[in-house]
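# What the coordinates show
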Amino acid sequence: MMKSEESGSRSTYTLVRCVAHDSCGDVFLAEDDNTGKQVAIQVIDLENVRAEEVAAGSRRVALHSQLKSVPHMKTFVGSYLIPNTTKLCHVSEYLDYSVTDILECHQVMSECAISEVLRIVLVCLDYLHDKSVAHEIVRASNITLDKSGTQVKLCPISTFH
């Protein structure tokens, strides 16, 4: 169980399983104990991160928190430090798959599906560029979908000024 202070109230999360590994840390599917809603929690050990990367990460978290109401952009929930550790938790909306997952499993996407994914990515990039923000890494693993495939969202974690 992980606890965090968000918006003045205490939220607790129960980790369900590790869903991804990346260079920054492991990403877990978790459940908010108060609402039952699923979230993604990226756990980053700051002890393994250079000081300048921590500063850049702080700017990305601040930017991500400003993008809460952007359509087709993965929603930021909050971030917190695990007490008495060097672990930072970045909590965001959980979607079931990335485009990478779909391509690895099915090895193909229909032309219609590809055009919809690209349309949404371009809408997100247009929004970010209007705000003078560049997306650092647009790749299949940063484009997420829900189980039904009706929600497609870009992960903004890789954005910077």
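Let us look at the structure shown here. Just so we're clear, the structure is a prediction, and the values are computed from it rather than from any experiment. (Residues numbered from 1 in each chain as written. Predicted model: local features only at pLDDT ≥ 70, side-chain atom pairs only at ≥ 80, totals over all residues. Heavy atoms only, no water.)

With that settled, the discussion passes to the overall build of the protein chain. Secondary structure summary: the protein chain contains three helices and eleven strands in total. For the protein chain, the succession of helices and strands along the chain, N to C, is β-β-β-β-α-β-β-β-α-α-β-β-β-β. In terms of C-alpha radius of gyration, the protein chain reaches 16 Å, essentially the compact-globule figure of 15 Å for 161 residues. The C-alpha extent of the protein chain, read off along each of the three principal axes, is 50 × 35 × 30 Å. Burial analysis of the protein chain (161 residues in total) assigns 39% to the buried set. Once local pairs closer than 6 in sequence are excluded, the contacts in the protein chain between residues at least 24 apart make up 48%. Of the charged side chains in the protein chain, 15 are positive and 21 negative, and the gap between their average positions amounts to 4 Å. (Helix = DSSP H or I, 4+ residues; strand = E, 2+ residues; numbered from the N terminus. Rg over C-alpha atoms; globule rule 2.2 N^0.38 Å. Buried < 20%, exposed > 50% of the residue type's maximum accessible area, 1.4 Å probe, protein only. Contact = heavy atoms within 4.5 Å. Lys, Arg positive; Asp, Glu negative; His and termini not counted. Charge placed at Lys NZ, Arg CZ, Asp CG, Glu CD.)

Here the structure, examined in full by the defined rule, presents one aromatic pair. Measuring from centroid to centroid gives 6.4 Å for Tyr 13 and Tyr 80, while their planes differ by 10°, and the two rings are stacked. One end of the pair, Tyr 13, is in strand 2 (residues 9–22); the other, Tyr 80, is in strand 5 (residues 76–81), and 67 residues separate them in sequence. Like Tyr 13, the residue Tyr 80 is buried in the burial classification. (Phe/Tyr/Trp six-rings, centres within 6.5 Å; stacked < 30°, edge-to-face > 60°.)

Below, the discussion takes up the environment of Gln 42. Examined against the element boundaries, Gln 42 turns out to sit in strand 4 (residues 38–45). Look at Gln 42 and you get buried, because its relative accessible area is 8%. Placed 13 residues apart in sequence, Gln 42 and Leu 29 show a C-alpha to C-alpha distance of 9.0 Å.

A word on the sheet that holds strand 9 (residues 143–145). What the three strands build is an open sheet, ordered 7-9-10; its pairing is antiparallel. Each of the sheet's edge strands pairs with one partner strand only, and the pair in question is strand 7 (97–98) and strand 10 (152–154). Note: strand 9 against strand 10, three bridges, orientation antiparallel. Bridge pairing in strand 10 links Thr 144 to Lys 153. This element, helix 3 (residues 111–130), spans strand 9 and strand 10 of the sheet and lies at about 40° to strand 10. (Pairing = 2+ DSSP bridges. Axes fitted to C-alpha atoms, helices over the stretch in contact; angles between N-to-C directions.)

Take the pairing of strand 5 next. As paired strands, strand 5 and strand 6 (residues 87–93) are joined by five bridges and run antiparallel to one another. By the bridge assignment, Gly 78 is partnered in strand 6 with Val 91. Hairpin connection from strand 5 to strand 6: five residues lie between these consecutive antiparallel strands, with Asn 84 at a positive phi of about 65°.

Attention now goes to helix 3. Taking 1.5 Å of rise per residue, 20 residues should cover 28 Å, and helix 3 covers 28 Å from first to last C-alpha, within 8% of that figure. For helix 3, the set of buried residues is Val 117, Ile 120, Val 121, Cys 124, Leu 125 and Leu 128. The buried side chains of helix 3 occupy one side of the element, clustering within an arc of 135° when seen end-on. Facing away from the buried side of helix 3 by over 90 degrees, the exposed positions are Glu 111, Cys 112, Leu 122 and Asp 130. (Expected span 1.5 Å × (residues − 1). Arc of directions from axis to C-beta.)

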